[in-house]
Amino acid sequence: MWNDNAPIYRQLKERMIGMMLDGLLKPGDALPSVRQVAADYQLNPITVSRAYQELVDETLVEKRRGVGMYVTEGAVEKLLASERERFLREEWPAMVERIRRLGLDLEQLLRGAQPGSAP
């Protein structure tokens, strides 16, 4: 469930971001409580709090005193913009280089991207 390549709080944060991007957590939805997440995943509550605090710092989640944490309006749009930018900056150049090395062309790539078709 957790890997050794990144701190657990960061992996938990990424899991929450994935839930937002997948529509499982929508703007206005409450995040599970720190205690609940800590119990479900057998984590230290401080680890969960740290992940949640990073989401607050990035204005993806807001704290409502005495009530809990909630996904902010515009969180998904903000995430999509930053994830797209990161993809284009970090992942796409490596893909382009691999495509070039393999001698693939646009038609082959598009054909391979169709469900149920072979490249």
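Keep in mind it's a predicted model, so treat the numbers as computed, not measured.

**Topic: the packing of helix α2 (residues 34–41) against helix α3 (residues 45–57)**
Alright, step 1. The N-to-C vectors of α2 and α3 enclose an angle of 120 degrees; their axes lie 9 Å apart at closest approach. The orientation of α2 with respect to α3, classified from their angle, is oblique. The handedness of the crossing between α2 and α3 comes out as right-handed. Every residue of α3 that contacts α2 at Val34, Val37 and Ala38 is listed here: Pro45, Val48, Ser49 and Tyr52.

**Focus: the environment of Ile46**
Alright, step 1. Here Ile46 lies in helix α3.
Alright, step 2. A relative accessible area of 63% means that Ile46 is categorised as exposed.
Alright, step 3. Sequence spacing of Ile46 and Val34 is 12 residues, and the spatial spacing of their C-alpha atoms is 8.5 Å.

**Things to note about the UniProt feature "domain: HTH gntR-type" (unreviewed entry) in the chain**
Alright, step 1. According to UniProt, the feature "domain: HTH gntR-type" (unreviewed entry) maps to residues 6–74 in the numbering used here.
Alright, step 2. With 51% helix and 12% strand, residues 6–74 has end C-alpha atoms that lie 27 Å from one another.

Reading the values: rules and limits
Residues numbered from 1 in each chain as written. Predicted model: local features only at pLDDT ≥ 70, side-chain atom pairs only at ≥ 80, totals over all residues. Heavy atoms only, no water. Axes fitted to C-alpha atoms, helices over the stretch in contact; angles between N-to-C directions. Helix = DSSP H or I, 4+ residues; strand = E, 2+ residues; numbered from the N terminus. Parallel < 35°, antiparallel > 145°, perpendicular 65-115°, else oblique. Left-handed = near helix turned anticlockwise from the far one by under 90°. Contact = heavy atoms within 4.5 Å. Buried < 20%, exposed > 50% of the residue type's maximum accessible area, 1.4 Å probe, protein only. UniProt positions renumbered as here; feature names shortened; annotations may be inferred.

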